[in-house]
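Notes for the structure review
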Amino acid sequence: GTVGGIRNEKGLFELMNFGKDLQTLGNMALYAIGRVFCDPKDLTESGIHFIEGAANRLLDRSEIDSALAQMDYLVFLYPKQSYNFIASGALFDAINSEKYILSLRNSYFDDFFENRAVVGKLFEDRSEIIDFLLKYGNKVPYVDYEKIKYDLSPEKEASNILKVLCDIGWYK
C-alpha cells in the first residue's frame, strides 16, 4: 500500500504504473490509503484499490489505521524533486503502524535512513521494488520498531537536545 493524499505531486503517475506492474504479476495488490485527489477511475484502471469515498472526503484516523493494519509493506514512489517537505507524515504513519517501507530514493528518505533509522529499503526505480517483492513476497524483514519509536520519541529528542546544550556550554 501507499499512505497519504493521492495526487500528482506525490508521484501519482509512478504509482499508477506500479499498480499496472503489479497487475501483471497476478498475486499482489496495491492499496492507496488516503484522500484521492485524482479521477478514481484512473486508479481502478491501474489496479489500485482505495477506501470507498476517499475521492469525496478526508478519511478518519480509524479508517486509515484499519487499512494500514492490512498492509505488508508501504511503498513510496515520490518524485525526487518535489517531495522534500511533506514526506514526514507518511513516513511516521509507516513507522507508527510498523510497516516496512519500500521507497524510491529521494533526499528525505535517504537522509532519514542514513541518520535516523533504517525502516525499510531504498530503490533506484520501481523495477527494483518489483524484484524485491518477487524475491520476498510477504516475508517482511525484521525491524525493531519499539526501539525506533523510542529513538524518535519526544523524551529521547529532549535528551539529545539537552546533551547538545551541555556540549556547547549553554546548560550545566
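In case you missed it, the structure is sitting above this.
Calculation criteria
- Within every chain, residues take consecutive numbers counted from 1 along the sequence as written.
- Confidence filtering applies because this is a predicted model: local features only for residues at pLDDT of at least 70, side-chain atom pairs given and counted only at 80 or more, and all residues used for totals across whole chains, interfaces and linings.
- Only hydrogens and water are set aside when side-chain values are computed; all heavy atoms of the structure are taken into account.
- Only runs of H or I of at least four residues qualify as helices and only runs of E of at least two qualify as strands under DSSP, and these elements are numbered from the N terminus.
- Any helix carries an expected span of 1.5 Å times its number of residues minus one.
- Per-residue accessibility, obtained with a 1.4 Å probe over protein chains only, is compared with the maximum for each type, and a residue is labelled buried under 20%, exposed over 50%, and partly exposed between these values.
- Working note: the arc is built from the helix axis to C-beta atom directions.
- Two residues qualify as a contact provided that any one of their heavy atoms is within 4.5 Å of a heavy atom in the partner residue.
- Counted as positive: Lys and Arg. Counted as negative: Asp and Glu, with His and the chain ends omitted from the count.
- Basic side-chain nitrogens of Lys or Arg form a salt bridge, by our definition, when they fall within 4 Å of a carboxyl oxygen of Asp or Glu.
- Put simply, buried Ala, Val, Leu, Ile, Met, Phe, Trp, Tyr and Cys residues joined by side-chain atoms within 4.5 Å make one nonpolar core.
- Residues adjacent in sequence count toward polar contacts only when both atoms are side-chain atoms; beyond that, a polar contact is any pair of N or O atoms within 3.5 Å, and within protein one must be able to donate a hydrogen and the other to accept it.
- Here the rule is simple: two strands pair whenever DSSP picks up at least two bridges between them.
- If you view a crossover with the strands going away from you and the path from the first strand over the helix to the second runs clockwise, you call it right-handed.

**A look at the environment of N8**
Among the secondary structure elements, N8 is positioned in the loop between β1 (2–3) and α1 (12–25). Counting along the chain gives 15 residues from N8 to Q23, while the straight-line C-alpha distance between them is 21 Å.

**Section: α1**
Spanning 14 residues, α1 covers 20 Å between terminal C-alpha atoms, matching the ideal 20 Å at 1.5 Å per step. Those residues of α1 not exposed but buried are L12, L15, M16, F18, G19 and L22. Looking straight down α1, one finds its buried side chains confined to an arc of 160°; they lie on one side. Opposite the buried face of α1, by more than 90 degrees, sit the exposed residues F13 and T24. Turning to α1, the residues buried within the fold contact β1, β2 (30–33), α2 (40–45), β3 (48–50), β4 (73–76) and α6 (126–136). G26 occupies a position one or two residues after α1 and carries a positive phi of about 80°.

**Some details on the side chain of R35**
In this structure, R35 sits in the loop between β2 and α2. The side chain of R35 sits in the buried core without any salt bridge; E63 is the nearest counter-charge, 10 Å away.

**Looking at the nonpolar core**
If you look at the biggest cluster of nonpolar residues, it comprises 50 residues, and the most contacted ones within it are F18, F76, L102, V119 and I129. Top element by residues in this core is α1. It accounts for five residues. Other than its neighbours up to four places away in sequence, F76 contacts V3, A90, L91, A94, I101, L102, S103, L104 and F109.

**A look at the side chain of S46**
Within the secondary structure, S46 sits in the loop between α2 and β3. In terms of polar contacts, S46 uses its side chain to reach the backbone carbonyl oxygen of D42, at 2.9 Å. Among residues more than four places away in sequence, those in contact with S46 are M16, G19, K20 and Q23.

**Quick notes on the pairing of β2**
Alignment of β1 against β2, held across two bridges, turns out to be parallel. For V3, the partnering residue across the bridge sits in β2 and is I33. Crossover β1 to β2 through α1 is right-handed. Where β2 meets β3, three bridges bridge the pair, whose relative direction is parallel. By the bridge assignment for β3, L30 is matched with I48. Since β2 and β3 lie parallel, the crossover through α2 that links them has a hand, and here it is right-handed.

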